Amino acid sequence: MAPTFDDGPSEATSALLDHLAAARVRATFFVVGDQARWWPAQLKREAAEGHVIGNHSLTHPYPGASTPAQVHDELTGGENAIAEITGRRPFLVRPPYGSFSAAVRNFGHPLVLWDVDTTGATAPTRSTP
(Lines give C-alpha, C1' and ligand atoms only; values in the text may rest on other atoms or scores of the structure.)
Protein backbone atom coordinates (compact mmCIF):
# COMPACT_ATOMS: atom_id res chain seq x y z
CA MET A 1 0.00 0.00 0.00
CA ALA A 2 1.22 3.48 -0.82
CA PRO A 3 -0.73 6.20 0.99
CA THR A 4 -1.21 9.39 -0.98
CA PHE A 5 -2.95 12.65 -0.19
CA ASP A 6 -4.23 15.31 -2.57
CA ASP A 7 -5.11 18.99 -2.61
CA GLY A 8 -3.15 20.32 0.37
CA PRO A 9 -1.44 21.53 2.28
CA SER A 10 -4.12 22.94 4.55
CA GLU A 11 -4.90 23.53 8.20
CA ALA A 12 -5.44 19.76 8.59
CA THR A 13 -1.96 18.86 7.36
CA SER A 14 -0.18 19.19 10.71
CA ALA A 15 -2.49 16.69 12.43
CA LEU A 16 -2.13 14.28 9.52
CA LEU A 17 1.66 14.57 9.71
CA ASP A 18 1.53 13.91 13.44
CA HIS A 19 -0.44 10.68 12.83
CA LEU A 20 1.93 9.56 10.08
CA ALA A 21 4.95 10.23 12.30
CA ALA A 22 3.44 8.30 15.20
CA ALA A 23 2.82 5.34 12.90
CA ARG A 24 6.24 5.71 11.22
CA VAL A 25 4.58 5.91 7.82
CA ARG A 26 5.80 7.86 4.83
CA ALA A 27 3.33 9.08 2.24
CA THR A 28 3.21 11.00 -1.00
CA PHE A 29 1.54 14.39 -0.91
CA PHE A 30 0.24 15.73 -4.22
CA VAL A 31 0.29 19.44 -3.62
CA VAL A 32 -1.65 22.29 -5.19
CA GLY A 33 0.76 25.17 -5.76
CA ASP A 34 -1.57 27.94 -4.58
CA GLN A 35 -2.33 25.96 -1.40
CA ALA A 36 1.40 25.50 -0.81
CA ARG A 37 1.88 29.26 -0.95
CA TRP A 38 -0.83 29.68 1.73
CA TRP A 39 0.61 26.91 3.95
CA PRO A 40 4.40 26.86 3.33
CA ALA A 41 5.29 25.62 6.83
CA GLN A 42 3.22 22.47 6.33
CA LEU A 43 4.83 21.79 2.95
CA LYS A 44 8.30 22.29 4.40
CA ARG A 45 7.43 19.88 7.21
CA GLU A 46 6.21 17.25 4.72
CA ALA A 47 9.54 17.45 2.91
CA ALA A 48 11.64 17.57 6.10
CA GLU A 49 9.94 14.44 7.45
CA GLY A 50 10.82 12.46 4.34
CA HIS A 51 7.50 12.41 2.54
CA VAL A 52 7.47 12.56 -1.25
CA ILE A 53 6.02 15.76 -2.69
CA GLY A 54 4.23 15.53 -6.02
CA ASN A 55 2.65 18.11 -8.29
CA HIS A 56 -1.16 18.40 -8.30
CA SER A 57 -1.24 21.61 -10.43
CA LEU A 58 -1.24 25.27 -9.49
CA THR A 59 -4.99 25.89 -9.00
CA HIS A 60 -6.64 22.43 -9.41
CA PRO A 61 -8.64 22.93 -12.63
CA TYR A 62 -10.22 20.04 -14.54
CA PRO A 63 -7.50 19.11 -17.07
CA GLY A 64 -9.94 17.55 -19.52
CA ALA A 65 -11.50 20.97 -20.11
CA SER A 66 -8.15 22.75 -20.50
CA THR A 67 -6.12 23.51 -23.59
CA PRO A 68 -2.64 21.98 -23.87
CA ALA A 69 -1.14 25.40 -23.07
CA GLN A 70 -3.33 25.75 -19.97
CA VAL A 71 -2.35 22.25 -18.80
CA HIS A 72 1.32 23.11 -19.27
CA ASP A 73 0.94 26.40 -17.37
CA GLU A 74 -0.92 24.72 -14.50
CA LEU A 75 1.64 21.93 -14.11
CA THR A 76 4.60 24.28 -14.50
CA GLY A 77 3.06 26.70 -12.00
CA GLY A 78 2.50 23.94 -9.45
CA GLU A 79 6.03 22.66 -9.92
CA ASN A 80 7.51 26.13 -9.53
CA ALA A 81 5.52 26.87 -6.35
CA ILE A 82 6.69 23.62 -4.75
CA ALA A 83 10.31 24.24 -5.76
CA GLU A 84 10.22 27.81 -4.39
CA ILE A 85 9.17 26.51 -0.97
CA THR A 86 11.05 23.21 -0.67
CA GLY A 87 14.06 23.87 -2.88
CA ARG A 88 13.24 20.68 -4.84
CA ARG A 89 11.27 20.14 -8.02
CA PRO A 90 8.64 17.43 -7.81
CA PHE A 91 9.11 14.54 -10.21
CA LEU A 92 5.62 13.02 -9.97
CA VAL A 93 2.30 14.40 -11.22
CA ARG A 94 -1.23 13.53 -10.20
CA PRO A 95 -3.67 15.38 -12.42
CA PRO A 96 -6.69 16.87 -10.66
CA TYR A 97 -9.70 14.55 -10.62
CA GLY A 98 -7.52 11.83 -12.16
CA SER A 99 -8.29 13.34 -15.55
CA PHE A 100 -5.49 13.13 -18.03
CA SER A 101 -5.00 13.81 -21.70
CA ALA A 102 -2.10 13.85 -24.11
CA ALA A 103 -1.15 17.29 -22.75
CA VAL A 104 -0.84 15.92 -19.22
CA ARG A 105 1.15 12.89 -20.37
CA ASN A 106 3.38 15.10 -22.53
CA PHE A 107 4.43 17.16 -19.51
CA GLY A 108 7.15 14.56 -19.11
CA HIS A 109 6.73 13.43 -15.50
CA PRO A 110 5.37 10.06 -14.37
CA LEU A 111 1.64 10.14 -13.65
CA VAL A 112 0.46 8.62 -10.39
CA LEU A 113 -3.22 7.76 -10.24
CA TRP A 114 -5.10 5.53 -7.81
CA ASP A 115 -7.18 2.39 -7.79
CA VAL A 116 -9.00 2.86 -4.48
CA ASP A 117 -10.74 6.09 -3.51
CA THR A 118 -11.85 6.37 0.10
CA THR A 119 -14.77 8.59 -0.92
CA GLY A 120 -16.22 5.89 -3.18
CA ALA A 121 -15.62 7.89 -6.33
CA THR A 122 -14.81 6.06 -9.51
CA ALA A 123 -11.24 5.39 -10.57
CA PRO A 124 -9.56 7.99 -12.81
CA THR A 125 -10.32 8.03 -16.49
CA ARG A 126 -8.56 9.39 -19.49
CA SER A 127 -10.17 12.47 -20.98
CA THR A 128 -10.37 13.02 -24.68
CA PRO A 129 -7.24 14.46 -26.29
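Position labels on residues start from 1 in each chain and follow its written sequence. Only residues with pLDDT of at least 70 get local features here, since the model is predicted, and only at 80 or more are side-chain atom pairs given and counted; chain-wide, interface and lining totals rely on the full set of residues. With hydrogens and water stripped out, all remaining heavy atoms of the structure feed into the side-chain values.

The next point concerns the packing of helix 1 (residues 13-22) against helix 3 (residues 40-48). Inter-axis angles, ranging from 0 to 180 degrees, are taken between N-to-C directions of lines fitted to C-alpha atoms, where helices are fitted over the stretch in contact. Numbering of helices and strands runs from the N terminus; a helix is a DSSP stretch of H or I covering at least four residues, while a strand is a stretch of E covering at least two. Where helix 1 contacts helix 3, the axes come no closer than 10 Å and their chain directions differ by 15°. When the axes of helix 1 and helix 3 are compared, the pair comes out roughly parallel. Here helix 1 and helix 3 pass one another in a crossing that is left-handed. In contact with Thr13, Ser14, Leu17 and Asp18 of helix 1, helix 3 contributes Gln42, Arg45 and Glu46. Gly is placed with the polar residues, together with every amino acid not listed as nonpolar (Ala, Val, Leu, Ile, Met, Phe, Trp, Tyr, Cys and Pro) or charged (Asp, Glu, Lys and Arg). The class makeup of the residues in the contact of helix 1 with helix 3 is one nonpolar, three polar and three charged. Angles are sorted into four bins: roughly parallel if under 35 degrees, roughly antiparallel if over 145, roughly perpendicular if 65 to 115, and oblique for all others. Working rule for handedness: look at the near helix, and if it is turned counterclockwise from the far one by less than a right angle, call the crossing left-handed; if clockwise, right-handed. Contacts are assigned to residue pairs that have any heavy atoms within 4.5 Å of one another.

This next bit is on the sheet that holds strand 3 (residues 52-55). Read from one edge to the other, the open sheet built from three strands follows the order 1-2-3, with strand pairing classed as parallel. Two strands lie at the open edges of the sheet, namely strand 1 (4-6) and strand 3, each paired on one side alone. Direction aside, neighbouring strands of the sheet carry axes that sit 25° apart on average. Strand pairing follows a simple DSSP-based rule, namely that at least 2 bridges must link the two strands. As judged from the three bridges shared by strand 1 and strand 2 (residues 28-31), these two strands associate in the parallel manner. Bridge pairing links threonine 4 to threonine 28 in strand 2.

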